[in-house]
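In case you want the letters, here they are:
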Amino acid sequence: MSTRRTSLRAAAGLLSAAALSPAEAQTAPPARDQRWVVVHRPGPAWQPGVSLFEQPGLDTHIAHYRRWQQEGKLALGGPFMDGSAGGMMIAAAGVPEAEVRAHAQSDPAVQSGLLTAELRPWLIGMRGTV
């Protein structure tokens, strides 16, 4: 089979995966291509008008995820820089949903109400060279 035909089949597979219903998307992709993402937003204890890095308790949130990073369980994470004051953490491949959920809920910033945490499944649909 030609390289072009193989590439076209791979592209068609990605497009087919993108057309799946949310329920199918959660079960269809190979485990290596699905990650769990924790989306953080300001919680009830967030202080409006105070910058992101000056929020009381943000340091404990960063330390909580830094430990997870050192354990090899965090792939990427950080704040959104558009003024929404939220951010996200992307678990490393293979970290199960229950573990990601437990880690997100044990975050001191979530427990104090500084942040909220929403867990979402994410499919890696495209990869570049980094």
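Residues numbered from 1 in each chain as written. Predicted model: local features only at pLDDT ≥ 70, side-chain atom pairs only at ≥ 80, totals over all residues. Heavy atoms only, no water.

1. A short note on the overall build of the protein chain
Now for step 1: What the protein chain contains, in helices and strands, is 5 helices and 4 strands.
Now for step 2: Of the regular secondary structure in the protein chain, the N- to C-terminal order runs α-α-β-α-β-β-α-α-β.
Now for step 3: The buried share of the protein chain, taken over its 130 residues, is 29%.
Now for step 4: The contacts in the protein chain between residues at least 6 apart in sequence include a share of 71% that link residues at least 24 apart. (Helix = DSSP H or I, 4+ residues; strand = E, 2+ residues; numbered from the N terminus. Buried < 20%, exposed > 50% of the residue type's maximum accessible area, 1.4 Å probe, protein only. Contact = heavy atoms within 4.5 Å.)

2. Points about the packing of helix α3 (residues 58–70) against helix α4 (residues 97–105)
Now for step 1: At a minimum axis separation of 10 Å, α3 and α4 run at an interaxial angle of 150°. Between α3 and α4, the angle falls in the class roughly antiparallel. Contacts between α3 and α4 involve H64, Y65 and W68 from the former and E99, V100, H103 and A104 from the latter.
Now for step 2: For the contact of α3 with α4, the per-class residue count stands at 4 nonpolar, 2 polar and 1 charged. (Axes fitted to C-alpha atoms, helices over the stretch in contact; angles between N-to-C directions. Parallel < 35°, antiparallel > 145°, perpendicular 65-115°, else oblique. Nonpolar A, V, L, I, M, F, W, Y, C, P; charged D, E, K, R; others polar.)

3. Examining the packing of aromatic side chains
Now for step 1: Summed over the entire model, instances satisfying the criterion amount to 1 aromatic pair.
Now for step 2: Consider the rings of Y65 and W68, whose centres lie 6.0 Å apart with planes at 85°: the pair is edge-to-face. In this pair, Y65 and W68 are both assigned in helix α3, 3 residues apart and thus about one turn of the helix distant. (Phe/Tyr/Trp six-rings, centres within 6.5 Å; stacked < 30°, edge-to-face > 60°.)

4. Considering α4
Now for step 1: Those residues of α4 lying buried are V100, H103 and A104. Burial along α4 is one-sided: seen end-on, the buried residues are contained in an arc of 100°.
Now for step 2: Contacts made by the buried residues of α4 are with β1 (34–42), α3, β3 (87–91), α5 (108–111) and β4 (115–123). (Arc of directions from axis to C-beta.)

5. Overview of the environment of R101
Now for step 1: For R101, the position within the fold is in helix α4.
Now for step 2: Here the side chain of R101 touches E97 through a polar contact of 2.7 Å, side chain to side chain. (Polar contact = N/O pair within 3.5 Å; in protein donor to acceptor, adjacent residues only side chain to side chain.)

6. Comments concerning the confidence of the model for the protein chain
Now for step 1: Of all residues in the protein chain, 75% attain a pLDDT of 70 or more, and the chain-wide mean is 83.
Now for step 2: Confidence over residues 1–20 falls short of pLDDT 50; this stretch has 6 contacts with residues more than four positions distant or in other chains. (pLDDT = per-residue confidence, 0-100.)

7. Comments concerning the pattern of salt bridges
Now for step 1: Counted by the stated rule, this structure contains 6 salt bridges.
Now for step 2: Where R127 meets D33, a salt bridge forms, and the shortest distance between an N and an O atom there is 3.5 Å. Here D33 lies in the loop between α2 (22–27) and β1 and R127 lies in the segment after β4, a separation of 94 residues in the sequence.
Now for step 3: Take D33: its relative accessible area is 13%, and that puts it in the buried class.
Now for step 4: E71 is paired through a salt bridge with K73; the nearest N and O atoms lie 3.8 Å apart.
Now for step 5: E71 gets classed as exposed once you look at its relative accessible area, which sits at 51%.
Now for step 6: Salt bridges linked by common partners bring R41, E118 and R120 together as one network. (Salt bridge = Lys/Arg side-chain N within 4 Å of Asp/Glu carboxyl O.)

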